[in-house]
Structure formats: structure tokens, C-alpha cells
Amino acid sequence: MSYRVLITCPPMLGLIDEFRHLFAEKGVEIYCPPVKQTLSVEELKSLLPQFDGWIIGDDPANLEVFQAGRKGKLKAAVKWGVGVDNVDFKAAESLGIPITNTPRMFGAEVSDIAVGYVIALARETFWIDRQVREGKWVKPSGISLGGKTVALLGFGDIGKNTAKRLLAADMRIIAYDPYFQTEEGLKAVEYSLWADRLDEADFIVLTCALTPENYHLLNAETLSQSKKGVRIVNVARGPLIDETALVNALKTGQVHSVALDVFESEPLPRDSPLRGFEQCIFGSHNGSNTVDAVHRASKKAIQLLFDFLGID
């Protein structure tokens, strides 16, 4: 029996030639559409019925999409990566479509980006770079990391890896996570209920999953409770932050600067007022994208999908 697989995950697609042989060896045909960030619901409804398996990126994998796939050939799906807020797992399961994600794949890679952003905001390195390119020779006084406090939202794989790196920089960490559990090497991490003690934090770093309960976790109210001049890093999901409230806090100086790898709307709209703040740093939802991590997660996703499809 021959199978067809749809792949819509941009990092995996970027290195797809390195995985083609894994499919070819099993006689599996793959289709790799041009994906900048995600495919639309209508595009997915049109494509998915033609395929037995689907390796999902950040696409809107909702009930409507899975229903369309189930009416066709779709038999199984795997969400590439850790985040699952874009995937309706219950809908897939209710339709008899086995599905999973690839957890604990990117803790080190995403935390590297998070810590890089913390350092960059502390020392304004990105702004200095832009100024030097324009022919200027600026020397802003940054802040030292040692002794500063980080409010760390999320203490899972990424959060714990971030904590390890920040503790090595002699920073103090207050973690917010309803499932908080410490481990060896992280005993110094303090636990608190959200949003207690936000006024102690020099940095707020978001590494948590997006759920209906924590949508707009950082909003006008919680930002007003934060320390004046706080710096914010988000390597998790854009909708954790109310961007309208964030823009207002940047205007007043309540927030000194932000480093955002993710946004409420992606790609970042050209008319986003966030673009007007020179001290801020923006990414392209690319925190997990290293050659090593893509290989690791892609091979895991392929194997999981093959298992679902009964391909030995």
C-alpha cells in the first residue's frame, strides 16, 4: 500500500532534502507546499483529503480542517514541535484520527534565544548595532545581569533550561507555573502565584504554553503591577501578551523594551505600532530553528507518523 504525506512545517520544509530518503525508503510520497508561516483553513480543506498523513506546523488544524481530511484519505497526523495551541486534538481524536506532538525537542534551543534576548535588552546590543550601521558611535549604559530578578512564566522544558542559564548569570528567578516542580540544579528558583511579586522583576520572560486560561496573561493590569522600566522577552506564543496594552506601556516607559520572537498576528503587520520602538527586538517565530533541532524533531515526527500508519 502506498501512502501520501502532507508537510506544512516551515523549519522542516527548509531542510526537506535531508529527509526525503526516509520517506522514499518506505515508498511514501510527500508533498511540500510553499509555506511562509501557515496555510489557511481553505487551503488545508482543499489539500488535506488527498493525503494519508499530515505533519503539522503552526497551521489552523481545527475541527473543520480535520473533518475535510477525514472525508478523504487522512488517517493520522503529527504536530511538529512542542506548541499545540493551534491544533484541536479533541476534534482529531473524535474523528478517529490518531495524533500527537513531539514534546521536549527544543528546550535548549529556545532557551538559548531567550537568554540571548535577555542579554541584548540589558546591554542594548541590537540598538547599538543599528546605530553603528548608520555611522553613529553610541555608548549607552546598560544594566548588569548579576543580582537582577527574572519573572519566568512557565517552568516546563524550555523554562527550566532558561532558568539554568540565567542562574549561571547570577540572576534571581521567580517562576510562575501551576505545575511547578523543582529539580537538581534549580533549587534556587523561587515559586510564586501569578501575578504576585511582579514588582520585584527586572525582566519578565515568557516560556509557557498558550491556553484559554492564560490568553493575554500580560495585560494593562498586570503590566501596571510590574516594576517601572521592566524588560520583557517572549519566546512562547504571541497572544500571551495584549499588544495594545504593551504598546501603551512602552509609550509611558512602564516597559523599557521588549524582545518578541512571537506576535499576536504573524508575520508582524507592517502597520504594527510596535515597529516604532527602536529599543525593541523582533524575531520571526524562529526560536527552535537550528539544524540540530530540526533534524531531531523531524525524525521524531516522521517515526511517529509512520507508527500511526503502520509503516515498518
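Right above here is the structure, for reference.
For the structure given in this document, a descriptive report is provided here.

About the thresholds
- Residues numbered from 1 in each chain as written.
- Predicted model: local features only at pLDDT ≥ 70, side-chain atom pairs only at ≥ 80, totals over all residues.
- Heavy atoms only, no water.
- Phe/Tyr/Trp six-rings, centres within 6.5 Å; stacked < 30°, edge-to-face > 60°.
- Helix = DSSP H or I, 4+ residues; strand = E, 2+ residues; numbered from the N terminus.
- Buried < 20%, exposed > 50% of the residue type's maximum accessible area, 1.4 Å probe, protein only.
- Contact = heavy atoms within 4.5 Å.
- Core = buried A, V, L, I, M, F, W, Y, C linked by side-chain atoms within 4.5 Å.
- Pairing = 2+ DSSP bridges.
- Axes fitted to C-alpha atoms, helices over the stretch in contact; angles between N-to-C directions.

The final tally for this structure, using the stated rule, is eight aromatic pairs. For the ring pair Phe155 and Phe180, a centre distance of 4.9 Å and an interplane angle of 25° mean the geometry is stacked. Of this pair, Phe155 sits in the loop between β6 (149–153) and α8 (157–168) while Phe180 sits in the loop between β7 (172–176) and β8 (190–191), and the two are 25 residues apart along the sequence. A residue is classified by how much of its surface remains accessible, and Phe180, at 21% relative accessible area, is partly exposed. Note on Phe180 and Tyr191: the rings are 5.2 Å apart at their centroids and 35° apart in plane angle, and the pair reads as tilted. On the criterion of sequence distance, the pair formed by Phe180 in the loop between β7 and β8 and Tyr191 in strand β8 is long-range, its members being eleven residues apart. For Tyr191, a relative accessible area of 39% gives the class partly exposed. Through a chain of ring-to-ring contacts, the aromatic side chains of Phe155, Phe180 and Tyr191 assemble into a single cluster.

Before going further, it helps to spend a moment on the environment of Leu22. Mapped onto the fold, Leu22 is located in helix α2 (residues 20–24). Given a relative accessible area of 22%, Leu22 falls into the partly exposed group. Along the chain, Leu22 and Ile302 lie 280 residues apart, while their C-alpha atoms are 8.2 Å from each other. With residues up to four places along the chain from it excluded, the contact list for Leu22 reads Lys299, Ile302 and Phe306.

Soluble globular proteins tend to bury their nonpolar side chains together. With 76 residues, the main nonpolar core has Ile7, Met12, Phe23, Trp54, Ile55, Phe66 and Trp80 as its most contacted residues. Sort the elements by how many residues they give to this core and helix α11 (residues 291–309) lands first, with nine residues. Beyond its immediate chain neighbours, meaning those up to four positions away, Phe66 contacts Trp54, Ile56, Ala61, Leu74, Ala77, Val87, Asp88, Ala91, Ala92, Leu95, Ile97 and Ile99. By size, the runner-up hydrophobic cluster in this structure holds 32 residues, among which are Leu153, Leu198, Leu250 and Cys280.

A few words on the sheet that holds strand β9 (residues 203–206). If you trace the seven strands from one edge of the open sheet to the other, you get β8-β7-β6-β9-β10-β11-β12, paired in parallel fashion. Each end of this open sheet is capped by a strand with a single partner; those strands are β8 and β12 (281–282). By the bridge criterion, four bridges tie β9 to strand β10 (residues 230–234) in an arrangement that is parallel. Bridge pairing links Val205 to Val233 in β10. Contacting β9, β10, β11 (255–260) and β12, helix α6 (residues 107–123) runs over the sheet at an angle of about 155° to β10.

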